[in-house]
Amino acid sequence: MKYDSLILFDWFSFTAKHLDEVGIVQLLGLDISSFETTYGVRGYAHRLYYDGININFGGEGKEEVWCEMSGQGCRAFESFGHGKWNLLFEEILSCKDFNITRLDVAFDDHVGMFDLRQLASYVHKKHIVSDFRKHGVIYDYKGDQEAITIYHGSPKSDVYFRIYDKAIERNREDEGHWLRF
């Protein structure tokens, strides 16, 4: 399936001190009957799971509920929840009992705006202007495909920026040009 280039939320997680797990499901505009209950992670006793959306709750010393949506979970929120990011962010940012723990924003180039090898050569030649102290290019292989990843920053910092070939990562060369920023 061909797409134009787009910007999307690719990972989102937050905690809430004032809502229980059912309240989080309602906040997302989803149906509680779609979720399955399983074991929690990271010290949480329980977890509700639905299509990439994890809502962890309970456990000793855990007073908050932690909601984590992978890229797949973000798409599920958009397709099966109310899908209105602006309303979700307004709610979360307006209340001190919420805490955003991770937000990944992605730009997907499907039209060939950028050439990954050319960008990598700019990094090698130091033809970049950046406030990041760390940057570089990683070359790897996925099958017989060379996978290039350009990075700026550190994975341990608050901001980490990567550029890579999403089609190679997903083993979907049939998608054509698909760079993920």
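Everything here concerns the structure above.
Numbers given to residues run from 1 along each chain, matching the order in which its sequence is written. For this predicted model, a pLDDT threshold of at least 70 governs which residues receive local features, and a threshold of 80 or more governs which side-chain atom pairs are given and counted, while totals over whole chains, interfaces and linings are taken from all residues. Calculated side-chain values reflect all of the structure's heavy atoms, with hydrogen atoms and water omitted.

### Some remarks on the overall build of the protein
Move 1: For the protein, the count of helices and strands is five helices and 10 strands.
Move 2: For the protein, the spread of C-alpha atoms along the three principal axes comes to 50 × 35 × 30 Å.
Move 3: Note on exposure labels: buried denotes an accessible area under 20% of the residue type's maximum, exposed denotes more than 50%, and partly exposed covers the range between, all computed with a 1.4 Å probe on protein chains only. By the burial criterion, 38% of the 181 residues in the protein qualify as buried.
Move 4: Considering only intrachain contacts with a sequence separation of at least 6, the fraction spanning at least 24 residues in the protein is 50%.
Move 5: Each accessible area value is a Shrake-Rupley result obtained with a 1.4 Å probe; residue values ignore everything except the protein chains displayed when judging cover. For the protein, the accessible surface area stands at approximately 11100 Å², while carbon and sulfur atoms represent 49% of it.
Move 6: Within this scheme the basic residues Lys and Arg register as positive and the acidic residues Asp and Glu register as negative, but His and the chain ends are omitted. Throughout, a charge is located at the NZ atom of Lys, the CZ atom of Arg, the CG atom of Asp or the CD atom of Glu. Mean positive and mean negative side-chain charge positions of the protein (21 and 29 charges, respectively) differ by 6 Å. A run of DSSP states H or I qualifies as a helix once it reaches four residues; a run of E qualifies as a strand once it reaches two. Both are numbered from the N-terminal end. Contacts between residues were defined by any pair of non-hydrogen atoms, one from each residue, lying within 4.5 Å.

### Considering the sheet that holds strand β7 (residues 135-142)
Move 1: An order of β2-β3-β4-β5-β1-β6-β10-β9-β8-β7 is seen for the 10 strands of this open sheet, with the pairing classed as antiparallel. Edge positions in the sheet fall to β2 (36-39) and β7, since each of these pairs with one other strand and no more. Note on pairing: two strands pair once DSSP finds at least 2 bridges between them.

### Section: helix α4 (residues 116-124)
Move 1: The set of residues buried in α4 consists of Leu-116, Leu-119, Ala-120, Ser-121 and Val-123.
Move 2: Packed against the buried residues of α4 are β7, β8 (145-153), β9 (160-165) and β10 (179-180).
Move 3: Where α4 begins, the capping side chain belongs to Asp-115, and its oxygen is found 3.1 Å from the backbone nitrogen of Arg-117.
Move 4: Just past α4, the residue Lys-126 takes up positive phi, approximately 60°. Definition of a polar contact: a pair of N or O atoms within 3.5 Å, with one able to donate and the other able to accept a hydrogen when the atoms are protein atoms, and with sequence-neighbouring residues admitted only if both atoms are side-chain atoms.

### Brief notes about the nonpolar core
Move 1: By nonpolar core we mean a set of buried residues, namely Ala, Val, Leu, Ile, Met, Phe, Trp, Tyr and Cys, connected to one another through side-chain atoms within 4.5 Å. Among the nonpolar cores identified, the biggest contains 25 residues, and Phe-12, Leu-28, Ile-53, Ile-55, Met-69 and Leu-88 are the most heavily contacted of them.
Move 2: Broken down by secondary-structure element, the contributors of at least two residues to this core are β1 (6-16), α1 (21-28), β3 (46-50), β4 (53-57), β5 (65-69), α2 (71-80) and α3 (85-93).
Move 3: For Met-69, the residues in contact, after removing those within four places along its chain, are Trp-11, Phe-12, Leu-28, Gly-52, Ile-53, Cys-74, Phe-77, Trp-85 and Leu-88.
Move 4: Residues Leu-119, Ala-120, Ile-150 and Leu-179 belong to the second largest nonpolar core, which totals 10 residues.

### With respect to the side chain of Lys-166
Move 1: Residue position: Lys-166 is located in helix α5 (residues 166-169).
Move 2: Note on Lys-166: relative accessible area 5%, which makes it buried.
Move 3: Separated by 2.7 Å, the side chains of Lys-166 and Glu-169 make a polar contact.
Move 4: Each residue touching Lys-166, except ones within four places of it in the same chain, is listed here: Trp-178 and Arg-180.

### Topic: the environment of Leu-119
Move 1: With respect to the helices and strands, Leu-119 occurs in helix α4.
Move 2: It is 20 Å that separates the C-alpha atoms of Leu-119 and Val-159, two residues lying 40 residues apart in sequence.
Move 3: In contact with Leu-119, not counting residues within four places along its chain, are Phe-114, Ile-150, Ile-163 and Phe-181.

### Looking at the pairing of β9
Move 1: Two elements, β8 and β9, share five bridges in a ladder whose sense is antiparallel. The residue of β9 that forms the bridge with His-152 is Phe-161.
Move 2: Counted between consecutive antiparallel strands, the loop separating β8 from β9 contains six residues.
Move 3: Pairing analysis gives two bridges linking β9 to β10, with the strands arranged antiparallel. By the bridge assignment for β10, Tyr-164 is matched with Arg-180.

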